[in-house]
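Chain by chain, the residues run as shown.
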Amino acid sequence: MPYPTIYFSPNATQHGAYRTLFMLPALGLTLSFAGPGQTAHAQQTVQQVEVKASAAARSGRDDTAAKVLIPHEEIVRYGDHQLLDVLRRQPGITIAEGKGKQPELRLRGLGNGYTQILVNGQEMPAGFQLDSIAPELVESIEIVRVAGADLTASSMAGSIHIKLRQKKATAESEWRASSSLQDGRLGSQFSVQSGGALASAPDWRYLLALQLDSSSVEQNQYSQQLVQNLTQNGNQAFWQNSTDSRLQLQQHNRRDSITLTPSLQWQPDQQRQWRWQLFLNYARPENTKQESEQAGTGMPLTSEFPLNHSIWAAHILTARQELQWEQRLNDSAKLSMQWGWNHFARDSRFRFWGRNPAAGLSEQRVVFADAKENSWRWAGKYLAPYSEQHVLSLGWDSSLAQREESRDEWDTPSLGQPQQSAHRYDASMRKLAGYIQDEWTLHAQLSAYLGLRWEQFAAHSEEAGQFDIRQQNAVWSPVLQTLWKADAQTQWRLAVNRTLKQPALAKLIPRRFRVDNNNNPFNPDQLGNPGLRPERAWGLDLGYERALGEESQISVSFYRKWVQDLMLEHLSLQQGIWESQTQNHGKAVIDGLELEGRFALKEFWENSPAIRLRSSLAYNWSHLSSIAGPDNRLPEQARLSARLGLDYTISPAWKMGVDAAYQSSERYRDTAGMLSLSGPRRHLDAYLSFSAQAHSQWRLSVNNLLQQDQRSADYFQLTERRWSEQTTQASSRQWRLSWEGKW
């Protein structure tokens, strides 16, 4: 195929600029092996390292299971109003964006079901968005690349565990007011938190948090679509343009929301504890789109409605309630239980107007789509250190989720008869799991974690008179993690585990999800597949960590995963309509190398300014057995990503920080005949804070300072016809000014 071999390749100057970004982790690795002949102060610092290093720098270092903990002070440092912007700056996490899709979190370059998002240990319902959680409401975030037996195995790339605040260390109340400016549109946010012990009952503690948010974002996207036919002229064959269209999309997204998160904790004595927490969010999003198509000179239009306009608006209510009980028993044993209830309700309205003045066609489409989901969860865990070397845990996890969806559609074309359709879907998912795990200290330098989890998934979906689908899968997931401490500063990790990726429930429903306009190989109708099986994988992780000081460390890790029953899209043309269906296709091998570092300059140079550096570098690749190469990789897998952050305490009153990220251009093919490409991405955030008083401070922050447009291209070819689409999505920087304080 005559596909270009290089797309959006940065020039030599850009390569040089980002070479500096990649060198910082390597510099830390060099320092970690520094011998006695290195700087005297560096030698002195290494000799003084103790196990009591700060939690921020060495969180989880002594745990057999590897994880990264982001505490509350780091979460709120840049003054973000969306949790997605906080996660974007964390090691190993990338964000997939573009083509009008919702941003998607990715661990190790993988999203789309490979990365699991948990809130207080629970999965959230379909349709839940992270922007409903304000950063101020989060106590900590854990990034777990190898899950233990006490977590579900549906985390092939890893888990991001978001823990909401349940109590305050002090009785002070906190508030924050902020305003933002993006693309000439203003946004605002206000939050307040208050907590402490009840005066009349000191064994009761409470936390009440309220957040109001209003945001507005403009998105502009430009595309060029080209269709060519193979033409024969004598003995020569050449590609001749059949259509050449340029499309412009303008989209305005607005969201208003209110969030309430009260919690109570009762601890009558040192042995018993009860916790209750409610998360309640009401949101009113609205998306408005306007799209226009212009054909090249002498070329026909490609879409049915070259001028179209649509509005989607919804009322969304998300509620989750959790009750925890913990009882300490004799011999340091502990029994805990959790009861949870989640509720999700979405009432949405969609209206589409399409016009084709040249053909005298017009159509109006109205869709009412409602969804309601309730889920219940009961989990428990018994922990018993039955010897000095062993801590045994037994547990169970059970849940039931029931979802109802309705869709009513009215199509009113200018020619022909009006059409009406109505669908009612019911779906449920039952999960039952049991596990056993043993944390085993072989000796002072070597510890191991052995776990075994059995998990069963039973899905059921039906539409009266149309389909009734039942699917059940069970998997045994063993996990082994070891930690070897070579000395006080150096340690090695090894892990082996089995994970899976469950298909989304919507993928199992045998119905067509029709696109509104411009059906083509890059914008096909979607078909469900009731026979879709989950992906299963074995994984191997190897890691090296070295402490360079109380706040400085370097780590290197390598992973490999062997995946079977890979889920890929199958594209086909049926009666002139392009349609795509997810099917199980062969196997895949996924590999990756990750390098991370944290450095406090004062631990290496005594007279240096109070600067802390953090850096990460990740390289991921994959190979699909069922797709011919080259570039037969998992879709949108982030191949190379790098990050460099700096926090500088100028004085007790002034602080600043900068965070720069880079993601390389990508080439991949996950469907026969299809090649997809994306350009490199560069992202820069910064903040400056000033504290005039002890209990208040001002913060000015800017996100996406470079405001680099995102570019992508897709190519698809049959024997005598080929399609291409090149897309540019504009981005914009966001300025934010906040005033926060305590009383």
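Everything below is about the structure printed above this text.
Remember, it's a predicted structure, so these values are computed and weren't measured experimentally.

For the rest of this paragraph, the subject is the overall build of the protein. Looking only at helices and strands, the protein has six helices and 37 strands in total. At 27 Å, the protein has a C-alpha radius of gyration in line with the 27 Å of a compact globule built from 743 residues. In terms of its C-alpha atoms, the protein occupies a principal-axis envelope of roughly 80 × 60 × 55 Å. Relative to its 743 residues, the protein shows a buried fraction of 50%. Here the contacts in the protein between residues at least 6 apart in sequence split such that 68% fall between residues at least 24 apart. As presented, the protein carries roughly 34,300 Å² of accessible surface, and 55% of it is formed by carbon and sulfur atoms. Side chains of the protein carry 78 positive and 77 negative charges; the gap between the two charge centres is 2 Å.

Consecutive residues of a regular strand have side chains that alternate between opposite faces of the sheet. Of the pairings in the sheet, the one linking strand 10 (residues 204–233) to strand 11 (residues 236–266) comprises 30 bridges and is antiparallel in character. By the bridge assignment, serine 215 is partnered in strand 11 with arginine 255. Counting the residues in the hairpin turn of strand 10 and strand 11 gives two residues, including glycine 234, whose phi is positive at 70 degrees. Where strand 11 and strand 12 (residues 272–295) come together, 20 bridges link them in antiparallel fashion. Across the sheet, arginine 254 pairs through a bridge with glutamate 286, a residue of strand 12. Counted along the chain from strand 11 to the antiparallel partner strand 12, the turn is five residues long.

Sheet strands line up and pair through hydrogen bonds in the backbone, either parallel or antiparallel. Ordered by their spatial adjacency, five strands build an open sheet running 1-6-7-4-5, and the pairing between neighbours is mixed. Edge positions in the sheet fall to strand 1 (67–71) and strand 5 (122–123), since each of these pairs with one other strand and no more. Inspection of the sheet shows strand 6 (residues 138–144) paired to strand 7 (residues 158–164) by six bridges, in the antiparallel sense. From the neighbouring strand, valine 138 faces strand 7, where its bridge partner is leucine 164.

In terms of strand pairing, strand 15 (residues 361–384) meets strand 16 (residues 390–413) through 22 bridges, oriented antiparallel. The residue bridging lysine 381 from the neighbouring strand is glycine 395, located in strand 16. Hairpin connection of strand 15 to strand 16: five residues between the antiparallel strands. Strand direction decides the pairing type here: strand 16 and strand 17 (residues 419–443), joined by 22 bridges, are antiparallel. By the bridge assignment for strand 17, aspartate 408 is matched with alanine 422. Counted along the chain from strand 16 to the antiparallel partner strand 17, the turn is five residues long, and its residue glycine 416 has a positive phi close to 95 degrees.

What follows covers the nonpolar core. What tends to happen in soluble globular proteins is that the nonpolar side chains get buried as a cluster. In this structure, Leu83 and Ile141 are the most contacted members of the largest nonpolar core, which totals 37 residues. Of all the elements, helix 5 (residues 83–88) adds the most residues to this core, at four residues. Sequence-distant contacts of leucine 83, that is, excluding residues within four places in its chain, are made with Leu130, Ile133, Pro135, Val138, Ile141 and Ile162. Listed in part, the nine residues of the second largest apolar core include Ala459, Leu500, Leu532 and Met567.

The next subject is the packing of aromatic side chains. Within the structure shown, the criterion is met by 17 aromatic pairs. Ring centres 5.9 Å apart and planes at 50 degrees place the aromatic pair phenylalanine 604 and tryptophan 605 in the tilted group. Residue classification places phenylalanine 604 among the buried residues on the basis of a relative accessible area of 7%. Among the aromatic residues, ring-to-ring pairing joins Trp175, Trp698 and Trp739 into one connected group. In this arrangement the basic side chain of arginine 108 is found over the ring face of tyrosine 559, its NZ or CZ atom lying 4.1 Å from the centre. Positioned over the ring face of phenylalanine 368 is arginine 349, at 3.9 Å from the centre of the ring.

The next thing to look at is the side chain of threonine 243. With respect to the helices and strands, threonine 243 occurs in strand 11. Each residue touching threonine 243, except ones within four places of it in the same chain, is listed here: Gln225, Leu226, Val227, Met299, Pro300 and Thr302.

This part takes up the pattern of salt bridges. Within the structure shown, the criterion is met by 54 salt bridges. Here aspartate 408 makes a salt bridge to arginine 424, at a shortest N to O gap of 3.3 Å. Remark: arginine 424 occurs in strand 17 and aspartate 408 occurs in strand 16; sequence separation between them is 16 residues. Between aspartate 565 and arginine 533 there is a salt bridge whose closest N-O contact spans 3.0 Å. Taken together, the positions of aspartate 565 in the loop between strand 24 (553–564) and strand 25 (567–574) and arginine 533 in the loop between strand 22 (525–527) and strand 23 (535–547) put the pair 32 residues apart, joining distant regions of the chain. Look at arginine 533 and you get partly exposed, because its relative accessible area is 40%. In the salt-bridge network here, residues are joined through shared partners; they are Glu363, Arg365, Arg407, Glu409, Asp411, Arg514 and Asp516.

Definitions and limits used
Residues numbered from 1 in each chain as written. Predicted model: local features only at pLDDT ≥ 70, side-chain atom pairs only at ≥ 80, totals over all residues. Heavy atoms only, no water. Helix = DSSP H or I, 4+ residues; strand = E, 2+ residues; numbered from the N terminus. Rg over C-alpha atoms; globule rule 2.2 N^0.38 Å. Buried < 20%, exposed > 50% of the residue type's maximum accessible area, 1.4 Å probe, protein only. Contact = heavy atoms within 4.5 Å. Areas by Shrake-Rupley, 256 points an atom, 1.4 Å probe, with all protein chains shown as cover. Lys, Arg positive; Asp, Glu negative; His and termini not counted. Charge placed at Lys NZ, Arg CZ, Asp CG, Glu CD. Pairing = 2+ DSSP bridges. Core = buried A, V, L, I, M, F, W, Y, C linked by side-chain atoms within 4.5 Å. Phe/Tyr/Trp six-rings, centres within 6.5 Å; stacked < 30°, edge-to-face > 60°. Lys NZ or Arg CZ within 6 Å of the ring centre and 35° of its normal. Salt bridge = Lys/Arg side-chain N within 4 Å of Asp/Glu carboxyl O.

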